[in-house]
Amino acid sequence: MAVRSLVWMGVRTAHLEETVAFYRDVMRLDVAREVSNAVWFRLENGTELHVYGLDDADHEFFGAGPVVGLEVDDFEATRARMVAAGIEFIGEPQQDGGSIWNHYRGPDGNVYEIMERG
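Residues numbered from 1 in each chain as written. Predicted model: local features only at pLDDT ≥ 70, side-chain atom pairs only at ≥ 80, totals over all residues. Heavy atoms only, no water.

Draft legend 1. Fine view of the pattern of salt bridges. Within the structure shown, the criterion is met by three salt bridges. The partner of Asp25 in a salt bridge is Arg24, and the shortest N-O contact between them spans 2.8 Å. Take Asp25: its relative accessible area is 44%, and that puts it in the partly exposed class. Classification of Arg24 as partly exposed rests on a relative accessible area of 37%. A salt bridge links Arg42 to Glu48; the shortest N-O distance between them is 3.1 Å. (Salt bridge = Lys/Arg side-chain N within 4 Å of Asp/Glu carboxyl O. Buried < 20%, exposed > 50% of the residue type's maximum accessible area, 1.4 Å probe, protein only.)

Dropping the structure here:
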């Protein structure tokens, strides 16, 4: 099992418009996708930064801070080790475009994610 890099960061905010403007206009990140209450940005190395408004029900479980995703080389083996260590996963693994990920609550109480890119 190896953690390769940070692959994803998500934040849920009451200041959606201001946060999106900051990443788009000040930091000059490319908008990859925009829907009601959420905007996805893609960095040059492929890492994604997602900004969710408070009305985005799919991400209500996010805490007050950013949620960081760690890219792993073997999702199933990594998840199995984490479960054996008593880590609490939030929901079932999700898949899209060959990638698989699952959010979890770390020992510090914060929400994180593991992902294997497809």
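Draft legend 2. Seen up close, the pairing of strand E8 (residues 111-116). One ladder, built from four bridges, connects strand E5 (residues 67-72) with E8; its direction is parallel. Pairing of Val68 across the sheet is with Tyr112, part of E8. As paired strands, strand E7 (residues 99-105) and E8 are joined by six bridges and run antiparallel to one another. If you follow Ile100 over to E8, its bridge partner there is Glu116. Between the end of E7 and the start of E8, which pair antiparallel, lie five residues, with Gly109 showing a positive phi angle near 90°. (Pairing = 2+ DSSP bridges. Helix = DSSP H or I, 4+ residues; strand = E, 2+ residues; numbered from the N terminus.)

Draft legend 3. Structural context of a nonpolar patch on the surface. Nonpolar side chains collect at one region of the surface, where Phe22, Val26 and Met27 lie side by side and expose about 290 Å² of accessible area between them. Checked against the element boundaries, Phe22 lands in helix H1 (residues 16-26). Overall, Phe22 belongs to the partly exposed group, its relative accessible area being 37%. (Patch = residues over 30% accessible without salt bridge, like charges linked within 9 Å, V, L, I, M, F, W, Y side chains within 5 Å. Areas by Shrake-Rupley, 256 points an atom, 1.4 Å probe, with all protein chains shown as cover.)

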